[in-house]
Amino acid sequence: MNANVSLPDFLFFTLHAKKHSRRDIRLKNILLVNLALVFTCSVLYAQYDPYPDKSIFAEKRQEFMTKIGDEAVAVIVAHDEYTRNDDVDHDYRQDSDMFYLTGFEEPRSIAVIRPGDEKHKFILFVRKRDKLRETWDGRRFGTKGAMEIFGADTAYVIDDFEKMLRELVRGAKTIYHNFGADKELSETITGRFAASGGRADVELKNVRFLLGEMRKI
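Since the structure is predicted, the reported quantities are computational estimates derived from the model, not experimental observations.

Asker: Tell me about the packing of aromatic side chains, and please be specific about residues and values.
Answerer: All chains considered together, the criterion is met by six aromatic pairs. Ring geometry for Phe57 against Phe99: centres 5.4 Å apart, planes inclined by 75°, an arrangement best described as edge-to-face. Of this pair, Phe57 sits in helix α2 (residues 55-68) while Phe99 sits in helix α3 (residues 96-102), placing them 42 residues apart in sequence. Given a relative accessible area of 1%, Phe57 falls into the buried group. Taking 4.9 Å as the distance between ring centres and 80° as the angle between the ring planes, the aromatic pair formed by Phe104 and Phe150 counts as edge-to-face. Residue Phe104 is located in the loop between α3 and β4 (110-113), and its partner Phe150 is located in the loop between α5 (142-148) and β6 (154-157); the two are separated by 46 residues in the primary sequence.

Listed below in structure tokens is the structure:
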């Protein structure tokens, strides 16, 4: 201890420093608790499912398949994402027709419904799981979740859709599609239709009129 500093002064500064140290520790603890609560709430919100019973969507698909018949195929795509600025997107809202038939709310997903197929009437194409992206963008169900949770007969990653499209619509007399949900995917579908020569026995229809009537209460 410096000889020029009295014992009372030394004790005062020492206790004062300890008080500040304890206060800082309390503040850090409070901050950590608040951060943990925010993180926990974010995770719970990301996993919140307002429709835990997916059977209601299966019932809607069954009604839809009955209406379009065995010689038709429906290709329903998710709504596109819109960038707000830089790498930040606007809050995502699923396409109404996609949600009505599947309950699936992830972007970059496609439902293919084939009433005439015995084994795979309902197929989902979805994004693959990615732990890093899910940290920022929220949970992805992946192909496994598409089947186990949303009832798809089979599921593939979205990157496989284009190469499988021709086989998926083979033999169909009518192809239903929700035009306007995703311009790029709509161009892929119509481009495939045109590449096949626009067969006279195949009709390409906008599904929104039919589903719009079905959604009326």
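This is not the end of the story, as more comes after the structure.
Asker: Outline the pattern of salt bridges, supporting the account with residue identities and numerical values.
Answerer: For the structure shown, the criterion picks out ten salt bridges. A salt bridge links Glu106 to Arg127; its shortest N-O distance comes to 3.3 Å. On the criterion of sequence distance, the pair formed by Glu106 in the loop between α3 and β4 and Arg127 in the loop between β5 (122-126) and α4 (131-137) is long-range, its members being 21 residues apart. Accessibility classification places Glu106 together with Arg127 in one group, the buried group. For Arg170, the salt bridge identified is with Glu167, shortest N-O distance 3.0 Å. With a relative accessible area of 56%, Arg170 lands in the exposed category. Overall, the relative accessible area of 51% leaves Glu167 in the exposed class. By sharing partners, the salt bridges in this structure join Asp95, Asp97, Arg208 and Arg215 into a single network.

Calculation criteria
- Residues numbered from 1 in each chain as written.
- Predicted model: local features only at pLDDT ≥ 70, side-chain atom pairs only at ≥ 80, totals over all residues.
- Heavy atoms only, no water.
- Phe/Tyr/Trp six-rings, centres within 6.5 Å; stacked < 30°, edge-to-face > 60°.
- Helix = DSSP H or I, 4+ residues; strand = E, 2+ residues; numbered from the N terminus.
- Buried < 20%, exposed > 50% of the residue type's maximum accessible area, 1.4 Å probe, protein only.
- Salt bridge = Lys/Arg side-chain N within 4 Å of Asp/Glu carboxyl O.

Keep in mind that these numbers describe shape and distance, not what the molecule does.
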